[in-house]
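# Coordinate analysis (summary)
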Amino acid sequence: MKAKTIPIQTDNPRPWLWPLLLLAGVTLPILWLLPVLWSRSVTLGVLVAFVALPGLALVGILASWLYRWPQLLVYEVSGRGLTIQTHREPVQVARSEVRQAKPLEYALRWNPSSRGHLPGYYVGAYTLPEVGPLTAYVAQSRGQGVLLELKSGEKILLSPQNPDEVLKLFR
């Protein structure tokens with residue numbers, strides 16, 4: 001039996017990305033038109049267009065990148081263990097590798113060495129004062145999560161919508 005579990009998505013930036021794109025899409029052409037209308041200089045308008053159009057393209061690329069990343073984090077629970085899908089290769093955690101699984105209240109701080117630190121997507125190495133160093137695969141910077149302690153000593157932090165499902169798998 002396989003079941004996909006989506007992490008809690010409270011920090012997901014999706015709701016404010018489309019207004020940001022709309023604002024950029026309206027503002028940048030207006031910036032191009034203002035010099036043309038004020039000074040009636042087409043040359044100045046063309047120069048502003050060379051700045052505004054690449055800026056609009058960059059805003060679109062950044063917004064699509066931010067829009068897509070939080071959706072890449074998915075947990076897949078099966079009888080043999082857990083698969084964590086990220087922007088990189090999937091991470092496999094077998095049931096036999098886990099010594100203990102427990103619920104945990106956490107608050108992550110920004111870490112420059114993490115592999116992904118965006119709103120709605122926190123993947124990489126972090127340190128929690130009460131737990132120590134761990135690898136996080138969570139979709140919110142703080143909240144209720146599940147801590148997996150492996151027999152190798154490694155610790156993995158997850159933020160599933162249904163923590164009981166993950167806790168049940170490893171009990």
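Heads up: the structure comes first, above all this text.
My aim in this report is to walk through the structure given alongside it, one point at a time. (Residues numbered from 1 in each chain as written. Predicted model: local features only at pLDDT ≥ 70, side-chain atom pairs only at ≥ 80, totals over all residues. Heavy atoms only, no water.)

## Some points on the pairing of strand β9 (residues 142-150)
Note the threshold: The buried label goes to any residue with under 20% of its type's maximum accessible area, the exposed label to any with over 50%, and the partly exposed label to all in between, with areas taken from a 1.4 Å probe on protein chains only. What counts as a helix is a DSSP run of H or I of at least four residues, what counts as a strand is a run of E of at least two, and both are numbered from the N terminus. A pair of strands is labelled paired if DSSP reports no fewer than 2 bridges between them.
Most of β9 sits out of view: seven of its nine residues are buried. The pairing of strand β5 (residues 98-107) with β9 spans nine bridges and is antiparallel. Each bridged residue has a counterpart across the sheet, and for Ala107 the counterpart in β9 is Arg142. Counting the residues between successive antiparallel strands, the hairpin from β9 to strand β10 (residues 155-158) contains four residues, one of them, Gly153, with a positive phi of roughly 100°.

## Some thoughts on the nonpolar core
For clarity, the threshold we go by: As used in this record, nonpolar core signifies buried Ala, Val, Leu, Ile, Met, Phe, Trp, Tyr and Cys residues forming a set joined through side-chain atoms within 4.5 Å. By definition, residues are in contact when any of their heavy atoms lie within 4.5 Å.
Counting 23 residues, the largest nonpolar core has Leu82, Ile84, Val93, Leu148, Leu158 and Phe170 as the members making the most contacts within it. Elements with a contribution of two residues or more to this core: β2 (74-78), β3 (81-85), β5, β7 (121-128), β9, β10 and α3 (163-169). Not counting residues within four places of it along the chain, the set of residues in contact with Phe170 comprises Leu82, Val93, Ala94, Arg95, Val98, Ala101 and Leu148. Core analysis: the next-biggest nonpolar cluster, separate from the first, contains twelve residues, Leu104, Tyr106, Leu134 and Leu147 among them.

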